[in-house]
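Examination of the molecular architecture
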Amino acid sequence: MRAQEQDGGRGAREQETAVYRAQANVNLAAIERNCARLSTQLRDGAALCAVVKADGYGHGAVASARAALAGGASWLAVADTREARELRDAGLREPRVLVMGALTPVELEQALALDADVVVWNEAFVRAVAAAGGGRVHVKLDSGMGRLGTRDPQEATRVAQAAQSAPGVELAGVMTHFATADELDDGGFFAAQLASFARWARTIKQRSPEVIVHAANSAATMREHEAQFDMVRCGIAIYGMDPFGKDPAARALEPALELRSYVAEVKLCRSGESAGYGRQFVADGDTHIGVLPIGYGDGWRRGLSNNADVLIAGRRHPLVGTVSMDSITVELGADADAAKLRGERAILIGIQGSERITAEEIARRLDTINYEITCALTPRVIRTYHRDGAAL
Ligand SMILES: Cc1ncc(COP(=O)(O)O)c(C=O)c1O
């Protein structure tokens, strides 16, 4: 829906009428292209597994999965059974789905019933898989992450052999996960992890060449060809965010998610008057305040109080005062024309005119990582989808 702007002073720019108070508008063509680009960086024969856990890092799991598959991914990975079920229920029955997280006995049975691959690292797990009727397993060596997996390569080998001899169980893969792939200055830890995993995986591969070896997340995929093995498991990069926390454009990644709201109200704020809880913003001269209906209940974190910009009418405006559960306030300036910004679209992550706010910028302000910014967006934020501007 578009309405011609009433304000002659700002020329012929059009004002788009907001449809939702808080909206994540996801460009599926960007996810597709990010996957296609990643695929060109893979060594011969390596498969791309698109990681769509946590609702596709906040982008929507099913839509992201479909876009990733269209872009060349052939596997999907999630963290738990519920996420695997969402994919299967949506009709994604063909691609292999790897459940990477820990599973309770009940969840294990459910995952296998969904024809998902599961991760194991001791012989009891293998027996549990056999007892549940069998299924495909990936043995995890903990080469240094210090989370799931066995640290002992000999135990990992025993688990792999147990999987190959247990009735109904198939050893589909062997894997590890890097702790410092995104830290280029990690004192050699990444290289050491890679070397110890490669040494062990080679012994498995010699005996069982059909087993899929996989280790790399987005950072490892981009950083080191040798880490790609038979398959890479990429999450952050497929959504167009930079695994190293830098500008995604530098690595030709296209951010897929735009976060929008709109200016629901504009009010004059006289010198000495305040906006928001705790009076954390007090005007030091007459100004205008725009009220945007998005807040920490939508995942726009309270740490952004007095600590973010919002794009309105092609310009950066500072978020002033405290982020509330349902709204934020931005300073629009003293100019009387500010009142005309009522109803204008507001971009919290994305591009408007020549200005751009990335998830990486927001992450820096919050002293966190880009992953957390999009994952934090709550279900109250309506997800909408388009392909390069064409609504779906
Ligand atoms: C085991 C595992 N593999 C792969 C990934 C994908 O990582 P990234 O989003 O950095 O590509 C994750 C994400 O946390 C993970 O836990």
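In this text, all values refer to a predicted model and were calculated from it rather than measured experimentally.

As a further point, take helix α7 (residues 153-165). Taking 1.5 Å of rise per residue, 13 residues should cover 18 Å, and α7 covers 18 Å from first to last C-alpha, within 8% of that figure. Among the residues making up α7, those that are buried are Ala156, Thr157, Val159, Ala160, Ala162 and Ala163. Those residues of α7 that are buried are in contact with β7 (117-120), α6 (123-131), β8 (135-140), β9 (169-175) and α8 (189-207).

Take the site of the ligand next. Around the ligand, the surrounding shell holds 13 residues, and the nearest of these are Lys53, Tyr57, Ser218, Gly235 and Tyr371. Contact distances for the ligand include 2.5 Å between an oxygen atom and a side-chain N or O atom of tyrosine 371. For the ligand, the protein covers 90% of the area, taking 400 Å² as the surface of the free molecule. Those elements that provide at least two residues to the shell around the ligand are α2 (53-57) and β11 (231-234). Along the lines of polarity and charge, the residues of the shell around the ligand split into six nonpolar, four polar and three charged.

Below, the discussion takes up the packing of aromatic side chains. Taken as a whole and assessed by the stated rule, the structure comprises six aromatic pairs. Between phenylalanine 197 and phenylalanine 229, the ring centres sit 5.3 Å apart and the planes meet at 90 degrees, which makes this aromatic pair edge-to-face. Here the residue phenylalanine 197 occupies a position in helix α8, and phenylalanine 229 occupies one in the loop between α9 (218-223) and β11, the gap between them amounting to 32 residues. Here phenylalanine 197 and phenylalanine 229 have matching classes, each one buried.

Let us look at the pattern of salt bridges. As enumerated under the stated definition, the model contains 28 salt bridges in all. Between lysine 205 and aspartate 230 there is a salt bridge, with the nearest N and O atoms lying 2.7 Å from each other. Pair noted here: lysine 205 is in helix α8 and aspartate 230 is in the loop between α9 and β11, with a separation of 25 residues, a long-range link. Note on aspartate 230: relative accessible area 25%, which makes it partly exposed. Between arginine 260 and glutamate 258 there is a salt bridge whose closest N-O contact spans 2.4 Å. Of the residues examined, arginine 260 reaches a relative accessible area of 13% and is grouped as buried. It is possible to trace a salt-bridge network through shared partners that takes in Arg96, Asp115, Asp117, Arg136 and Glu170.

Our next topic: the environment of isoleucine 349. As for its placement among the helices and strands, isoleucine 349 is situated in strand β20 (residues 345-352). What makes isoleucine 349 buried here is its relative accessible area of 5%. Residues isoleucine 349 and aspartate 309 lie 40 residues apart in sequence; the distance between their C-alpha atoms is 9.5 Å. Beyond its immediate stretch of four places on either side in the chain, isoleucine 349 contacts Leu257, Glu258, Leu259, Trp300, Ile357, Thr358, Ala359, Ile362 and Ile373.

Below, the discussion takes up the state of the cysteines. Going through the model one piece at a time under the given rule, you end up with zero disulfides. Cysteine 49 takes part in no disulfide bond, and the closest cysteine sulfur to it belongs to cysteine 234, at a distance of 8.5 Å. We note that cysteine 375 lacks a disulfide partner, and the nearest cysteine sulfur, in cysteine 234, lies 16 Å from it.

By the secondary structure assignment, alanine 339 is in the loop between β19 (328-333) and β20. For alanine 339, a relative accessible area of 34% corresponds to the partly exposed category.

What counts, and at which threshold
Residues numbered from 1 in each chain as written. Predicted model: local features only at pLDDT ≥ 70, side-chain atom pairs only at ≥ 80, totals over all residues. Heavy atoms only, no water. Helix = DSSP H or I, 4+ residues; strand = E, 2+ residues; numbered from the N terminus. Expected span 1.5 Å × (residues − 1). Buried < 20%, exposed > 50% of the residue type's maximum accessible area, 1.4 Å probe, protein only. Contact = heavy atoms within 4.5 Å. Near = heavy atom within 4 Å. Polar contact = N/O pair within 3.5 Å; in protein donor to acceptor, adjacent residues only side chain to side chain. Areas by Shrake-Rupley, 256 points an atom, 1.4 Å probe, with all protein chains shown as cover. Nonpolar A, V, L, I, M, F, W, Y, C, P; charged D, E, K, R; others polar. Phe/Tyr/Trp six-rings, centres within 6.5 Å; stacked < 30°, edge-to-face > 60°. Salt bridge = Lys/Arg side-chain N within 4 Å of Asp/Glu carboxyl O. Disulfide = S-S within 2.5 Å.

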